[in-house]
Each structure stands twice: as structure tokens, then as C-alpha cells.
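Coordinate analysis (summary)
Each chain is listed here by its residues.
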Amino acid sequence: MNRAALPVVLATLLLLLFPLCLMAGQVWINPFDPAGAPYSANATVILAQLRLPRAVLAVVVGAGLGASGAAMQGYLRNPLADPGLFGVAPLAALGAVLSLFMGFAVQPFALPAMALAGAAGGMVLLALIASGPRTGLAGGVALFTLAGMMLSSLAGALTSLAISLAPNPFALTEIVTWLMGALTDRSWHDVALAAPLTALGLAVLWRAGPSLDALTLGELAARSMGLDPAALRWMMVLGVGLVVGAGVSAAGVIGFVGLMVPHIVRPFTDRRPSSLLLPSALAGALLLLVADALCRCLPLAGGELRLGIALSLLGAPFFLHLLLRLRRGLA
Amino acid sequence: MELVAEAVTVVGRLREVRAGLAPGRLTVICGPNGAGKSTLLSALAGLVEPDAGRVCLGQHRLGELTGRERAMAIGYLPQAGEVAWNVTVETLVRLGRLPHRTPAKVDAAATMAALDALDLNALAGREVGTLSGGERARALLARVLAGQPRWVLADEPLAALDLAHQQALLAHFRRLAGQGVGVVVVVHDLALAMNHADHVIVLDRGTVAANGPPHVALAEEVLASVWGVKARWVGDGRSRALAIG
């Protein structure tokens, strides 16, 4: 396939599948049935208030996860890197869990706002670490990743604490369900919050593209080509933080997308990190849109399959496959 | 435009190193392990900020230039020839165009010229992971040349190569110098330095031990005092060899 054609193919697929996914669900809406469903009041409500915001959100969150995964892999020069490595996602989740824990979440904006506050807190901490004593890019990246892992485990511990101290069974159920990640019952409010932040984050990551390309040759060569390590670090914190924070606040924790998507896309590009950004965003959007529609259609006792669980079920074997490939030096 | 190190000190590495490098020459930096060769090269490339002294490119201190200005003037080839992703040779070489931000056509032409200069045309579509050591070294040098720098600084580019590829790469360096580019190379093999360099800087424990044309800077007395090796040069012209003992 012509490499320039990949984004076009993915965008076309996205445009074709988007309406198809709107039709799918517990209630099938057939647009070619003039007498029936699509033109009834019920169908209009389902489409406009339930499925459309949900599908738009799937596209927004998927695009953010895919592109930030590609950027992280380029930044760390490691095909196993993932946007969750910076610890922003677990902190955003902690914010959301606290809002459920304290019962604020009945307010429409409280949960996403607290998730965003958690993400922002994580970004500030990372920025403080990043702007600490001058380290080489090498020391910087290692330190940075370790700091991210530390933030992740801290947020994880605090989340577990909140679960164990949950004031009532209802809050407990809500927290646990939310942590699984899903796009059920999302409204246009969530879209209005997540979409602009994701767009902003994606724009920042896009600007980081050439620097990520230079890093392909290693840190010294990249610096000799004019790369400013500190500026790139800021762009990564800002870009990944915005995208992941917005994504978690809207959909909860959805793993593996940021890891899987750049891998699937890479062989179809020239493998430069910057040429991976757009296709990864499109493929991530596509993956989340389709996965969410399938979750919606799967008949499951007690509701539907949670999107986060579905993607982890898909992602874990993929990760293993990737490790085996890496061992054979193919990836 | 000259590249000059003025009393450059990097704590623990270099002590008041002075060296003036002229364009159009192949300058070789040698010295025992730990003498500060790589540090000097990094300082000349503007990658290490000296703790004292300064490195100047013509009238300008390197530190005053923006990263991009510096990158367009000085090409640097690090010792570890890392390539993180399995890109094709052409994509790799084209990365050298990043600082320029010129139109795609200009980039493509410069990439082609660099591939041409290092006889890589036939390998342009090959993935870097499938190259032999010699081909890879050439591809990495072509990346530097694609940026059309006035200076090429290479840290031990010959280390992993066999005899034939060493000679071939040296011939490329010599040709570059002939075109007016300043070429500075860290080399361990003293015979290669003796036979191919226009100018040699010998470093010893962070200071310049000898500086001059190869037969002066690599005189037998220098070898004895810097490397502690009793050796003499045999042969003549560009085919001298070192007889130890």
C-alpha cells in the first residue's frame, strides 16, 4: 500500500463505520425502514442523546490514546511504551474515584472536573521533576519514567484506599464500575469537556513530531540536530497530560489502546514517530468506536461488557505476542 | 570559518585545551583511553558546555547560536550508531534534513546527493536492520552529509569496521575535506591517523600533548611519552606502519 494513502484509508473507514456504529445497539435502528424506528421519537432520542455523543466520545478518546501512545513510544524509543507510563492516567482516575467517594459525582461536571484536576496535579508534579537540576536527556528520560511509575503506584494505592474505605456499598459499586472504563451513558457535556482538551493535546504532540523523529538517532545525535531536550519534555508532559486527562475523565481507564495501535500502524508507515501520529490517532478512534459498538451489542447478563475490560482482554494477548516478536527481533 | 577551542575546560575531562581547526582538512584526534577525546569532540560540536573557556565557530561562540543554527553548520556522528526504529536507509538519511525545514523537493535532492556520495543508491530502500556494519556506518554518515554541514565531527566512526571498510570510509572523509568541509575524526588506530590525517591532535589526560602534522604529532617520542609504548614507524609516504618493540 502507498504510505501516503494510509491516513486516507483510515479516515474513510472511520467515516463509513461511524453511521454503522450509530445503528448498532440493544435497539437496532435501520435507516432504510421508512415506517419504523429511525423517525420515531424514541429513535431520535436514542440517536441524538445516547449514541451520537457516545460515538463522538469514542472517536475523541481513541484518537487521543492512539496518538499519545505513538508519541510516547517515539519519545522513549521503546515499542513497549504506553501513555499510562507518565502516571497521569492513574492520577486522573484517582480524582474521579474521590468524587465518587465523596458523593460529589451527582453534579454533572464534578467527576470529569476532579479527574482533570488529578491529571493536572500529575502534570505539575512531573513538570517539577522535569525542571529540577539539569540532567542530560538520558538521565532525564529514565528519571522521568521512574517518577511516572512512582506516581502511578501512589495513585493506585490511594485508589485502593478509597475503595476499602467506601462509605456505602453503592459508592463502592460505582467506583469499581467506573474504574473499568466505559462510554455508557455519556452525554454531550462529556464531549464538550473532552473534545477541546484532546484537540489541544493532539496539537502539542503534533508539534513535537520532528523532535521525536530526531530522537530516532539517539539523544546525542538528536541534540546535535538542534533538539532542545527540555522543550520536548514540556511538550510531552503537556500533550500526553491533556490527552490522557481528558480521556480518563470521559471514559475511565482504558488500557492497551495506546500500546497496541501504534504497533498495528507502524509497518504501514515509514516508521518515523511523526509519520505515526496521524494514522495512530485515526486507528485509535476506529478501534474504540468499533469496540464500543460491539460491547453495546453483546448480550450479557447484568448489562453490557465494559469497554475497558474488553480492550484489556484484547490487549493482554497482544502484548504477549509483541514480547515474543521483540525477542525474535522483528518488531 | 575556523572552529576554535579556547582554553576549554570540562571538569574531570579536559583541562585548558586549545585547538584551532581549519576547514578543508582531515583532522584526527587521538589519545589513550580516558584522554578526553570524545569530550573534546562533543564540546566542538556544542553538545557539552565547557565549564571554562569557549568554543568559537568563526566570530560566534557556539553557545550563542540557536540549536538549529549550530545544527546546520556542524554535523555530528556519535559513537553509538543508534537507530531506534527500523527505517529504510533513505528515511534515515533524510532525517539529516530536519534542522533545515526546507521544501520537500530540496530535502529529496539533498538526500539523493548524500546517498550518491556514499554509494548507497542501491540500498536506499533497504531497512537499516538488514544492513552490514560497513553499510550501516555509511548510511549514518550519509545522514550527516544530507544536512550539508560545513563541519563533520565523527566519534570513532572506524572502530567497528574491517580494513576495507575503514579505507573506504576514510576515502569519503578525505573527499569531503577536499570539498572544503572541515572533518574532525576520533581515531584509535595510529597508523590510519599517520597515513590519512592532514592534522593530528594528541590528547593525554585532558590536555593537548601534541598538535601538528601527523609526522610531528605522532613522532616516536610522543608515542613513548603519551602511550608509554616503545614503537617506531616503518615504511614511507601514505603507507607507514607501526612496529612495536
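Given the structure is predicted, the values throughout are model-derived calculations rather than measurements. (Residues numbered from 1 in each chain as written. Chains lettered and ligands numbered in written order. Predicted model: local features only at pLDDT ≥ 70, side-chain atom pairs only at ≥ 80, totals over all residues. Heavy atoms only, no water.)

Looking at the overall build of chain B
Each helix and strand counted, chain B has nine helices and twelve strands in total. A compact globule built from 245 residues should have a C-alpha radius of gyration of about 18 Å, and chain B, at 18 Å, falls within 12% of that. Taking the principal axes of its C-alpha atoms as reference, chain B extends roughly 55 × 40 × 30 Å. In chain B, which comprises 245 residues, the proportion classed as buried is 53%. Accessible surface, chain B: about 10,500 Å² in total, of which carbon and sulfur atoms supply 51%. One finds the centroid of the 25 positive side-chain charges in chain B at a distance of 2 Å from the centroid of its 23 negative side-chain charges. (Helix = DSSP H or I, 4+ residues; strand = E, 2+ residues; numbered from the N terminus. Rg over C-alpha atoms; globule rule 2.2 N^0.38 Å. Buried < 20%, exposed > 50% of the residue type's maximum accessible area, 1.4 Å probe, protein only. Areas by Shrake-Rupley, 256 points an atom, 1.4 Å probe, with all protein chains shown as cover. Lys, Arg positive; Asp, Glu negative; His and termini not counted. Charge placed at Lys NZ, Arg CZ, Asp CG, Glu CD.)

Some points on the pattern of salt bridges
Here the structure, examined in full by the defined rule, presents 13 salt bridges over all chains. Its salt-bridge partner being Arg126 of chain B, residue Glu135 of chain B comes within 3.6 Å of it at the nearest N-O pair. The class for Arg126 of chain B is partly exposed, based on a relative accessible area of 32%. Counted as one network, the salt bridges with shared partners bring together Arg54, Asp292 and Arg296 of chain A. (Salt bridge = Lys/Arg side-chain N within 4 Å of Asp/Glu carboxyl O.)

Regarding the nonpolar core
All names here are of chain A. Judged by nonpolar contacts, the single largest core of 80 residues is most densely connected at Tyr75, Phe86, Leu232, Met236, Ile254, Leu288 and Leu307. Here this core gets 13 residues from one element, more than from any other, and that element is helix 2 (residues 41-76). Leave out the neighbours within four places in its chain, and Leu307 touches Gly181, Ala182, Leu183, Ile254, Leu288, Ala291, Asp292 and Cys295. (Core = buried A, V, L, I, M, F, W, Y, C linked by side-chain atoms within 4.5 Å. Contact = heavy atoms within 4.5 Å.)

Side note on the sheet that holds strand 10 (residues 207-212) of chain B
All names here are of chain B. The strand order across the open sheet formed by six strands is 6-7-8-3-9-10, and the pairing between neighbours is mixed. Taken across any chain shown, the strands that pair with only one partner, and hence form the sheet edges, are strand 6 (74-77) and strand 10. Ignoring which end each strand starts from, the neighbouring axes of this sheet average 15 degrees apart. Note that strand 7 (residues 151-155) and strand 8 (residues 182-186) share five bridges and pair parallel. Within strand 8, the residue paired with Ala154 across the bridge is Val185. (Pairing = 2+ DSSP bridges. Axes fitted to C-alpha atoms, helices over the stretch in contact; angles between N-to-C directions.)

A few points about the confidence of the model for chain B
Across chain B, the average pLDDT comes to 93, with 100% of residues at 70 or higher. Across the assembled chains, the prediction reports ipTM 0.92 with pTM 0.90. (pLDDT = per-residue confidence, 0-100.)

Remarks on the pairing of strand 6 of chain B
All names here are of chain B. Burial along strand 6 is two-sided: Ile74 and Tyr76 and Gly75 and Leu77, pointing in opposite directions, are all buried. As judged from the four bridges shared by strand 6 and strand 7, these two strands associate in the parallel manner. Paired with Ile74 across the bridge in strand 7 is Trp151.

Observations concerning helix 9 (residues 220-227) of chain B
Count 3.6 residues to each turn of an α-helix, and residues three or four apart come out pointing the same way. Residue and element names in this part refer to chain B. By the burial criterion, the buried members of helix 9 are Val222, Leu223 and Val226. Along the axis of helix 9, the buried positions cluster into a sector of 100 degrees, meaning they face one direction only. Residues Glu221 and Ser225 are exposed on helix 9 and point more than 90 degrees away from its buried face. Where helix 9 is buried, its residues touch helix 7 (190-196), strand 9 (199-204), strand 10, helix 8 (214-217), strand 11 (231-234) and strand 12 (241-244). (Arc of directions from axis to C-beta.)

Some thoughts on the interface of chain A and chain B
With 22 residues of chain A at the contact, the number on the chain B side is 24 residues. For the pair chain A and chain B, the summed buried area comes to about 2,000 Å², and 65% of that belongs to carbon and sulfur atoms. When residues of chain A are sorted by the area they lose upon contact with chain B, Leu217, Met225 and Arg271 of chain A head the list and together hold 32% of the total. Between the two partners, chain A and chain B, sit two salt bridges. The salt bridge partner of Arg77 of chain A is Glu82 of chain B, with a shortest N-O separation of 2.5 Å. The interface formed by chain A and chain B contains six residue pairs in polar contact (both at pLDDT 80 or more). (Buried area = accessible area lost by both parts, 1.4 Å probe. Polar contact = N/O pair within 3.5 Å; in protein donor to acceptor, adjacent residues only side chain to side chain.)

Describing unusual backbone geometry
Residue and element names in this part refer to chain B. Within the chain, Arg101 stands out as a residue other than glycine whose phi angle is a positive 55 degrees. Assignment of secondary structure puts Arg101 in the loop between helix 3 (89-94) and helix 4 (104-117). Relative accessible area serves as the criterion here: at 64%, Arg101 is assigned to the exposed category.

Some remarks on the packing of helix 5 (residues 133-146) of chain B against helix 6 (residues 163-178) of chain B
Residue and element names in this part refer to chain B. Look at helix 5 against helix 6: their axes get within 10 Å of each other, and the N-to-C directions meet at 15 degrees. The orientation of helix 5 relative to helix 6 falls into the category roughly parallel. Like other packed secondary-structure pairs, helix 5 and helix 6 cross with a definite hand, here right-handed. Of the residues in helix 6, those touching helix 5 at Gly134, Ala137, Arg138, Leu141 and Leu145 are His165, Leu169, His172, Phe173 and Leu176. The class makeup of the residues in the contact of helix 5 with helix 6 is six nonpolar, three polar and one charged. (Parallel < 35°, antiparallel > 145°, perpendicular 65-115°, else oblique. Left-handed = near helix turned anticlockwise from the far one by under 90°. Nonpolar A, V, L, I, M, F, W, Y, C, P; charged D, E, K, R; others polar.)

Some points on the sheet that holds strand 1 (residues 3-10) of chain B
What links the strands of a sheet is backbone hydrogen bonding, and the strands pair in either a parallel or an antiparallel sense. Residues and elements named next belong to chain B. An order of 2-1-4-5 is seen for the four strands of this open sheet, with the pairing classed as antiparallel. Each having just a single partner strand, strand 2 (14-21) and strand 5 (60-61) make up the two edges of the open sheet. Here strand 1 pairs with strand 4 (residues 52-57) via five bridges, running antiparallel. Opposite Leu3, over in strand 4, you have Leu57 as the bridge partner.

Notes on the environment of Val257 of chain A
Residues and elements named next belong to chain A. In this structure, Val257 sits in helix 10 (residues 257-265). With relative accessibility at 0%, the residue Val257 sits in the buried group. As a C-alpha pair, Val257 and Ser312 span 55 residues in sequence and 8.7 Å in three-dimensional space. Beyond its immediate stretch of four places on either side in the chain, Val257 contacts Leu65, Gly66, Pro262, Gly284, Leu287, Leu288 and Leu311.

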